[in-house]
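Each chain is listed here by its residues.
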Amino acid sequence: MSELRHIASKTKATVISISESWLDESITDNEIKIDGYTALRKDRNRSGGGVCIYVKNYRAFTRRNDLDIDGFEAIWINIYLPRSKEIVIGICYRPPKQNVSLFLNNFEESVSKIKESSEIYVLGDFNICTLNINPISQRYNDFLIRNGFSNVIKDITRIGKEKSSCLDHIVTNVQNNVKQSGVINIGLSDHFIIYCTRKIPKSHVHKNEHNSAKLRSLKNYNVNNYLEKLNDIDWSVVTNNDDVNIAWLTLKDIIIKVIDSIAPIKKVRLKQNIAPWFTSEIANEIKVRDTLLKKFKKDKSNLDIYKYYCASRNKAQRLIKKAKSNYFLNKIDENKDNPKKLWKTLKQLGYEKKCKTNTKIVLDENGKQTFCPKGVASRFNEFFTNVASTLVKKLPKCIGFFTMSTNDLHKYYVKLKGKMFKLEPVTIEFVKTQLESLNVNKIVGLDNIPSRFLRDGAIILAEPIAHIINLSFKTNCLPHDLKTAKVTPLFKKNTRTSVENYRPISILPTVSKILEKSVAIQVERYLSKNNILYAYQSGFQQAHTTESNLINVIDGLKNNKSKGLLTGMVLIDLQKAFDTVDHVILINKLKCMGFKCTDWFQS
């Protein structure tokens, strides 16, 4: 993996395909990740087989599961380019002992499902040598001609002590679009790397610029200096303001001006994540190994060079294993008393299930593809804001809304007669505590105020923020700015071009979360004190988790089984459950529960 990452960072290839990946479910995506790429896998086991494909994040793609065939080790993807035909790329592997006719039949069945107008590129280890004519290679060549394919790899792809062969191929139905193709002599395995490049218009070329991001420069940042600047401000312009929206906007502008003066926003180049244990000694040994390999390829009769090549290859592998092992053993030993740093080290080793990717999105609607980022954003915005109402329209018409007199549940709430809930003002000390406990690594909302500056300035900012929260309670109005979220679409499953296959992740301003928490604590206390929540509700109750839910269900099943009873279960997964909650019914329920501040919740 270390060498593969090194090759990826140097070549900046759009697609990298691996045949014989030797992976299974015990290997996480994080263990095999390459920065800047999204990995797709089709595993067999740790003893052989399997295929894997990496796609550069700036290139929009989707996986073609419809082309999968049982018994055919292959992954298929569509690559999207503006004003271009559909481009289909496949990576496949044929085990040496697999029947050639069966392999070619499966291959043909897959490509027969692809539109005739599509460009197709299939890479992989076919284990069919095309250097010599024999019955198998002849049958393979006839298959390619019959299906309009040609193999662009003509050179040796695997070199041995006694025999060399061309087992790895790139077949395409548009050879005229292939600008370059060939073999790279790298001793990464006993097979060489094969490659091809496709001709595309200059307007479609992605500039391989350095990764950069706009970040606040903390080079000259000093907490004491920051607090001095906050101390010099007359906060009465916020605390004496009776309009909650103006009070918040005034506070936000003041904080941003102070932050800009001591931690200005700068464009920073993001360094490539090169393995820290990948030393110059390892790089030099890899260079020696590949040089010897090239020499042997030119003079295959010189077995001494082959012997030196094998020794160099083995030495490089030993150096990599030793350097990596020593690095992580030392890191684990260093951080054994620091769980946070220890977990960070384990994540570097791949001990994390989730693998973050940032693939470019192209949306397809009625056969028309949207490439423009603004167009994609508008389409997501339209879908996410209307998805709930669209779903609700499909539901049967509601016969009777929940009111204080029309529902049997009202009897349950009768016992709350005389009970009343109203939002109590928060103290400055409460807000200060919340600010001081903020996680500085959280993403910034649309207010552009990082949590670090709210935490560092807690002793001064607590008072104006407490005023805004209490003013919100008093006026039953939530500042518009604090309920406006930055939304990121997160891919779930199936095709990447369909807007329905993404879920929104909303990033709210940090102050909005503190305001919400001040309400949540008061609501939970009232519900708990008056025993309003159902005793077996597992979500949103302290000490009630998915585990307690499962324990309760399993306990019930076992009890019934011991009594000789059968148990039936109805399990319901509601689509967009929170988005489709009826607000009128919800507000009426809150009123039944004694809430006197429903105008605030409506706001």
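Before reading further, recall that the structure is shown in the block above.
Overview of the structure. Sequence positions are assigned chain by chain, starting from 1 and proceeding in written order. Confidence filtering applies because this is a predicted model: local features only for residues at pLDDT of at least 70, side-chain atom pairs given and counted only at 80 or more, and all residues used for totals across whole chains, interfaces and linings. To get the side-chain values, all heavy atoms of the structure are used, and hydrogens and water are removed first.

Regarding the overall build of the protein chain
Stage number 1. Scanning the protein chain from terminus to terminus reveals 18 helices and 19 strands.
Stage number 2. We call two residues in contact whenever any of their non-hydrogen atoms come within 4.5 Å of each other. Contacts in the protein chain between residues at least 24 apart in sequence constitute 67% of all its contacts with a sequence separation of at least 6.
Stage number 3. Methods summary: accessible areas were calculated by the Shrake-Rupley approach with a probe of 1.4 Å, and residue burial reflects only the protein chains presented. Surface summary for the protein chain: the accessible area is close to 36,500 Å², and the carbon and sulfur share equals 52%.
Stage number 4. Under the counting rule used here, the positive set is Lys and Arg, the negative set is Asp and Glu, and His together with the chain ends is not counted. To locate a charge, take atom NZ for lysine, CZ for arginine, CG for aspartate or CD for glutamate. The averaged location of the 60 negative side-chain charges in the protein chain is 2 Å from the averaged location of its 96 positive side-chain charges. Runs of H or I in DSSP of at least four residues are treated as helices and runs of E of at least two as strands, each being numbered from the N terminus.

Observations regarding the packing of helix α4 (residues 223–231) against helix α14 (residues 458–475)
When two helices pack together, their arrangement is given by the angle between the helix axes and the distance between those axes.
Stage number 1. For the pair α4 and α14, interaxial distance at closest approach is 9 Å and the crossing angle is 35°. In this structure, α4 contributes Tyr226, Leu227, Leu230 and Asn231 to the contact, and α14 contributes Ile459, Ile460 and Leu461.
Stage number 2. Polar here means any residue outside two lists: the nonpolar Ala, Val, Leu, Ile, Met, Phe, Trp, Tyr, Cys and Pro, and the charged Asp, Glu, Lys and Arg; Gly therefore counts as polar. Counted by class, the contact of α4 with α14 contains six nonpolar, one polar and no charged residues. To get an axis, a line is fitted to the C-alpha atoms, and for a helix only the part in contact is used. The angle between two axes follows their N-to-C directions and goes from 0 to 180 degrees.

Here we look at unusual backbone geometry
Stage number 1. Unlike most non-glycine residues, Trp22 shows phi in positive territory, near 55°.
Stage number 2. Following the sequence through the fold, Trp22 ends up in the loop between β1 (15–19) and β2 (37–42).
Stage number 3. Positive phi, close to 60°, is recorded for Asn448, a residue that is not glycine.
Stage number 4. One can find Asn448 in the loop between α12 (428–436) and α13 (451–456).

Concerning the environment of Glu109
Stage number 1. Along the polypeptide, Glu109 turns up in helix α2 (residues 100–111).
Stage number 2. When accessible area is computed with a 1.4 Å probe and restricted to protein chains, residues below 20% of their type maximum are described as buried, those above 50% as exposed, and intermediate ones as partly exposed. In this structure Glu109 comes out as partly exposed when scored by relative accessible area, which is 39%.
Stage number 3. Taking the C-alpha atoms as reference points, Glu109 and Ile507, separated by 398 residues in sequence, lie 45 Å from one another.

Regarding the sheet that holds strand β6 (residues 87–93)
Stage number 1. Strand pairing is assigned whenever DSSP detects at least two bridges linking the two strands. The six strands are arranged β4-β5-β6-β7-β11-β8 in an open sheet whose pairing can be described as mixed. Of all strands in the sheet, those bounded by a partner on one side alone are β4 (61–63) and β8 (150–151).
Stage number 2. Bridge count between β8 and strand β11 (residues 168–172): two bridges; the pairing is antiparallel. Bridge assignment links Ser150 to a residue of β11, and that residue is Thr172.
Stage number 3. The sheet strands contacting α2 are β5 (73–79), β6, β7 (119–125) and β11, and the helix crosses β5 at an angle near 20°.

Describing the packing of aromatic side chains
Stage number 1. Ring geometry is summarised as follows: Phe, Tyr and Trp rings, the Trp one being its six-membered ring, pair when their centres sit within 6.5 Å, and such pairs are stacked at plane angles under 30 degrees, edge-to-face over 60 and tilted between the two. All chains considered together, the criterion is met by 26 aromatic pairs.
Stage number 2. Their ring planes at 80° and their centres at 5.2 Å tell us that Tyr221 and Phe453 sit as a pair that is edge-to-face. Of this pair, Tyr221 sits in the loop between β14 (212–216) and α4 while Phe453 sits in helix α13; the two residues are 232 residues apart in sequence, bridging distant segments of the chain.
Stage number 3. Note on Tyr221: relative accessible area 14%, which makes it buried.
Stage number 4. Residue Phe453 is classed as buried on the basis of its relative accessible area, which comes to 2%.
Stage number 5. Relative to Trp600, the ring of Phe473 has its centre 6.0 Å away and its plane inclined at 75°; by these criteria the two rings are edge-to-face. Note that Phe473 is positioned in helix α14 and Trp600 in helix α18 (residues 598–602), a separation of 127 residues in sequence. One exposure class covers both Phe473 and Trp600, and it is buried.

Fair warning: the whole summary comes from geometry, so function is off the table for now.
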